[in-house]
Structures are given as C-alpha cells and as structure tokens.
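Residue-level structure breakdown
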Amino acid sequence: MIHFDKVSKIYSDESVALDGVTFSVGSQEFVTIVGHSGAGKSTLIKMLLLEEKPSHGTILFEKFDVSRLRRRDVPKYRRRIGTVFQDFKLIANKTVFENVAFAMEAAGRTDEEIAADVPHVLNLVDLRKKIWNFPHELSGGEKQRVAIARAIINQPDIVVADEPTGNLDPVNAREIVEILKKINSLGTTVILTTHNKDVVDAIGKRVITMEKGKIIRDDKDGKYAL
Amino acid sequence: MTLWSNFKRTAKAGFVGFWRNGFVSLASVLIMTVTLFVFGTTIFINALLETSIHEVESRVDINVYFTADAKEEDILALKAKVEALPEIALPVEYITKETVLENFRKQHENDEVTLQSLAELDGNPFGAVLNIRAKEMSQYEGIALFFKDVQSGDNGASIQKINYYNNKQAIDALSRAVNGGRKIGAAITIALALLSILITFNTIRLSTYVARDEIAVMRLVGASNRYIREPFVIAGAMYGGAAGLFVLGLFYPATYWISSSVGNFFGGLDVFAYYINHFGEIAILLIVSGIVLGSVSSFLAVRRYLRI
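These numbers come from a predicted model, not from an experiment.

1. Details of the overall build of chain A
Looking only at helices and strands, chain A features 7 helices and 10 strands. Compactness check: chain A gives a C-alpha radius of gyration of 17 Å against a globular reference of 17 Å for 226 residues, within 12% of the reference. If one aligns the C-alpha atoms of chain A with their principal axes, the spans along those axes are about 50 × 40 × 30 Å. Split into buried and exposed, the 226 residues of chain A put 46% on the buried side.

In structure tokens, the structure reads:
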C-alpha cells in the first residue's frame, strides 16, 4: 500500500533528517515506528502527508508517486489519510461537532450525512456528551479522542498517528492505543510513531526502529528495543 | 454538493469565525474604521478644494469694452460669434451702453463733481461691454487673442479695450494656484488611499497570522485551498463592511460639528449639508471600499499559508 524507496531528506550537510529509508506498509497492517527524538519519525510522517517533499527517493501510495501529485490533487490525497498528532491539532474556535464535521465538509459530504455520521463517531470514542464543547473545555485524553474521531470520520485507507500519547497520562494513553487497535481490526491501516515503551509492548505488532534518519530494525512482532 | 449549499456553508463559517474570534475581529474593524475614516476625509477635502477652486474661477472674467459709437448689431453679431466658441462658458453677458451709464451714475451718486461733468457732456460717453467667462482658467489667453484679432480686423476699431491684458498677471497666478490646488488634492487622495490599503492589508495579515495553525490543520484534513480561503475572505469583507458603516455613522456628528463650528469658511461649502446631500454616494463608496479592501487583503493574506 505504501512504499518508501531510498527516501532521504537533507536540510543541509549537517542536518540529514532521513537517510535512504526503504520500507513498505501493507494494507490493514499496524506498524509502529519507534526512535529517540530526532530519529526521523516525524519527518517520515510529514513526507507521507506531503507537508514536505523528499530530497531523494520516491514515496508510493498504492501505485502513484506522492511527490509528483499535482497541487490540486493534494487535498483529495490527504482525505485518504486520517491524522492524529501529539498536540491534537484541533481548531480552537470550533466545537467538538464542528471539528469532526469540518473533515466531512472538506470532503464535500452533505449536511444530512454530517448530521448522521458525526454523532455516531463521537459515540464510538465516548464523547457524545461533549459534542458542543470547545477544545479548551476538554481534557488531553478527550481532545485526542476528538482528533481520532476526525481522523476516521471519512473512513480513510490509513490512519497516521504521530506520537498520539505523548501528552497523555498512562490511563489515557492506553485508551488511545486501544481505540487505534480497534480501528485497525476494522480494516484500516495504522502507522503509529512513538517512543513510549509501554505503548509499543502493548500493541505487539510490527515495529520499525529508527536512529539518526535510518531504519536500524524492522521486527514483525516487535517489542521496544532501544 | 450544490454551489448554493457550498456557499451557505462557507458564508456560515465566515460569520461564525467573525463572531467567535471576537477580539481579533474587533481590533480589525477598529483599525479599518480609522483607515476608512482617513479615506473618507479625502472625499471632503476634495469637495472643499473643488468648491474653493470653483469660487476662485468664477471670479475671473474678461471684459471687452466697445467705443461709444460702436453699432449694437455689430456687437451682437460678435457676441453670437463668441458664444459659438467651445471654450466659452455661456451665457456671454451683454451690457448695453445705457446700462453702463446707469451703473456709473449709481457708483458715483455721492460724487457731485463727476456727475456734473457727466451732465455737461453731449450724450452717453460710454460704450457697451461684453462680459465673458471661460470654461477653464487656461483658456482666457486664447479668448483674449481672439478679441485681439477682431480688434486688428476690419470692424476692430469699435473695440476700445480688452481688460485681460491688465489682469493677465493676476489671472496667470490664479491659474497656477488652481492647477497646483488640483494636483495637491489628487496627491493627497492617492497618498491617503495607499496608506489605507497598506494599513488594512497589514491588519488583516496579522489577524490571519493568528489563524495560521488553524489553516495548517484544515489543509491536513484535506480541505481544498478554496474551501479554506473563502471563510477568511467573507470575514475580511465583514470587517470592511462593518468599518464602512461605523465611519458613515462617525461622519454624521463630525461633519455636523465642523459645520456648526466653522460654518461656510471653506469656500462656501457646508460640510454637513454636503454629507447629507451626497449620503448615498458616500455610503456606497465607504462600504464598498471597505468590503473590497477587506476581502482582497484576506485573500492575499491567506494565500501565504496555502502554499504546499
């Protein structure tokens, strides 16, 4: 489904974020990418989301080269990927409902579909009662669940979670991991980056370990090994 | 999804954004109010300038004095000829020799010696006068030359004097002052309009800067550039429209106060009456300028954050 082929990201001679990274992610897979800060995990995610373009190499999504996408096709491509971030990235002046609905509006869905689907998904992440609250009225765990609801509302092919438990306590972190596992069990590919040992060990699926912009391990049923 | 429902959605997002970002919206509206007030002031400055210039222009004319024995039909024929000239502001005033005499008597009614001297003369010693105004100050020289040609022609002996040449220096100086005044007016208008555009653009740019993270999130969830941009453009138009309305309201007491304080000091223009009589045009100018400035500024400000 996704194939990184000798992908490098070089900002300057002293600053190489990714160095010839090659790996593939299959459909319905759950892949955890681990590594210390600065290992290149977030750069890898940014390139998958086309926030940045590789200096060398190609990134294939299904059969097309992501970095060759035309500008006007980028939003359509991004709608196929649900994203969850450490800092939640919710829109501060929109309610929980509006934050989730925005992803559907951007995809051109009708008001009727939005009115039916948003409460349903918020129910799945146990936020039905907070539907009209603003992000600043939610706890960290609740904010992250809103982000997950927004990520899955358009039934994407893949969910990318960049350090989603980084700002959460262990209880909330475990809940988020459980939700991600559930999403994966329903057939969605999940790519998760983290440096939390407990999270990695709790998932017990494929683990890619990165260091200084390179992949140093790729274990099918991996554990945290740094 | 239909265009209408898409428009409704973005318009609603624009209104909601305007309302919920209350402080940013208020700051933007206030700054745009100041700039539109400055812009609106140029309308009044130009009106004052035009009135003053017109006042000066209306005081300039050419008098052509005829000899006492000049025939009336010759003078009227010349008058008809002059009226056909494109640079003449109609009507050309014909003052008969009898009226000139009467005016002279009135002017000197307290001067016995002069009146007695006049009575001793046989008949009317005065000739008729043509009073001519040009459409533009710069055309007086041409008109004076026309009469000079007539004076040196066959029937020219009947023209005694053309007063332009006595007043030439004064007319030229006034002409230069009028042209200078117009140029200064245009320069002030352009400078203030540019200043308004710059200040508005920077204000909106700052309000958009506050929303840069929001824009980044919108892009990440797959919103198209157009879908992200439209609510900002609508909010920008609302800042401008609201500021335009405020300024329109502010000009009511401001012009009233100026009028009652200085009256018709500025070249006979009552600023308050001008505001009331031109309310429609001023309202459209201010509100439309505000909307256009606000929306174009937003469009340009958001564009910066939409590059991949």
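On we go from here.
2. Comments concerning the overall build of chain B
Within chain B one finds 11 helices and 4 strands. By the compact-globule yardstick of 19 Å for 308 residues, chain B is too spread out, its C-alpha radius of gyration being 31 Å. When its C-alpha atoms are laid out on the principal axes, chain B stretches across 105 × 40 × 35 Å. Of all 308 residues assigned to chain B, the portion counted as buried reaches 30%. Taking contacts inside chain B between residues at least 6 apart in sequence as the whole, the part at least 24 apart equals 85%.

3. Details of the domain arrangement of chain B
Along its sequence, chain B is carved into domain 1 (3-56 + 176-303) and domain 2 (60-165). Distance from the C-alpha centre of domain 1 of chain B to the C-alpha centre of domain 2 of chain B: 53 Å.

4. Side note on the interface of chain A and chain B
Accessible area lost during the coming together of the parts is what is often quoted as the interface size. Chain A puts 21 residues into the contact, and the matching count from chain B is 15 residues. Elements represented by at least two residues in the side of chain A that touches chain B include exactly α2 (74-78) and α3 (96-106) of chain A. When grouped by side-chain class, the residues that make up the side of chain A that touches chain B number 9 nonpolar, 4 polar and 8 charged.

5. Description of the sheet that holds strand β9 (residues 206-211) of chain A
Residues and elements named next belong to chain A. Across the sheet, 6 strands lie side by side as β6-β7-β8-β3-β9-β10; this open sheet has mixed pairing. Both edges of this open sheet fall to β6 (81-85) and β10 (214-219), since each of them pairs with a single strand only. When the angles between neighbouring strand axes are averaged without regard to direction, this sheet yields 15°. In this structure, β9 lies alongside β10, joined through 5 bridges in antiparallel fashion. Across the sheet, residue Thr 209 finds its bridge partner in β10, namely Arg 217. Across the sheet, helix α6 (residues 170-185) lies against β3 (30-34), β7 (158-162) and β8 (189-194), angled at about 155° from β8, the strand it touches most.

6. Things to note about the sheet that holds strand β4 (residues 56-61) of chain A
All names here are of chain A. Strand order in the open sheet made by the 4 strands is β2-β1-β4-β5, with antiparallel pairing throughout. Edge positions in the sheet fall to β2 (15-25) and β5 (64-65), since each of these pairs with one other strand and no more. As paired elements, strand β1 (residues 2-12) and β2 share 7 bridges and run antiparallel to each other. Bridge pairing in β2 links His 3 to Ser 24.

7. Considerations on the environment of Val210(B)
Summarising the element assignment, Val210(B) is placed in helix α7 (residues 164-210). Between the alpha carbons of Val210(B) and Asn110(B) there is a distance of 81 Å; along the sequence they are 100 residues apart.

8. Some thoughts on helix α8 (residues 212-220) of chain B
Every buried residue belonging to α8(B) is among Glu214(B), Ile215(B), Val217(B), Met218(B), Arg219(B) and Leu220(B), and all of these are buried. At its buried positions, α8(B) is contacted by α2 and β6 of chain A together with α9 (225-262) and α11 (279-303) of chain B. A positive phi of about 95° marks Gly222(B), the residue just after α8(B).

9. What about the packing of α3(A) against helix α4 (residues 111-124) of chain A?
Residue and element names in this part refer to chain A. Taken N-terminus to C-terminus, the directions of α3 and α4 make an angle of 125°; their axes are 10 Å apart at the nearest point. It follows that α3 is oblique to α4 by the angle criterion. Note that α3 runs across α4; the crossing there is right-handed. Contact residues: α3 offers Val 96, Phe 97, Val 100, Ala 101, Met 104 and Glu 105, while α4 offers Glu 113, Ile 114, Asp 117, Val 118, Val 121 and Leu 122. For the contact of α3 with α4, the class distribution of residues is 9 nonpolar, no polar and 3 charged.

What counts and what doesn't
- Residues numbered from 1 in each chain as written.
- Chains lettered and ligands numbered in written order.
- Predicted model: local features only at pLDDT ≥ 70, side-chain atom pairs only at ≥ 80, totals over all residues.
- Helix = DSSP H or I, 4+ residues; strand = E, 2+ residues; numbered from the N terminus.
- Rg over C-alpha atoms; globule rule 2.2 N^0.38 Å.
- Buried ≥ 20, exposed ≤ 12 C-beta atoms within 10 Å, placed from the backbone.
- Contact = placed C-beta atoms within 7 Å.
- Domains from an automatic or database assignment.
- Nonpolar A, V, L, I, M, F, W, Y, C, P; charged D, E, K, R; others polar.
- Pairing = 2+ DSSP bridges.
- Axes fitted to C-alpha atoms, helices over the stretch in contact; angles between N-to-C directions.
- Parallel < 35°, antiparallel > 145°, perpendicular 65-115°, else oblique.
- Left-handed = near helix turned anticlockwise from the far one by under 90°.

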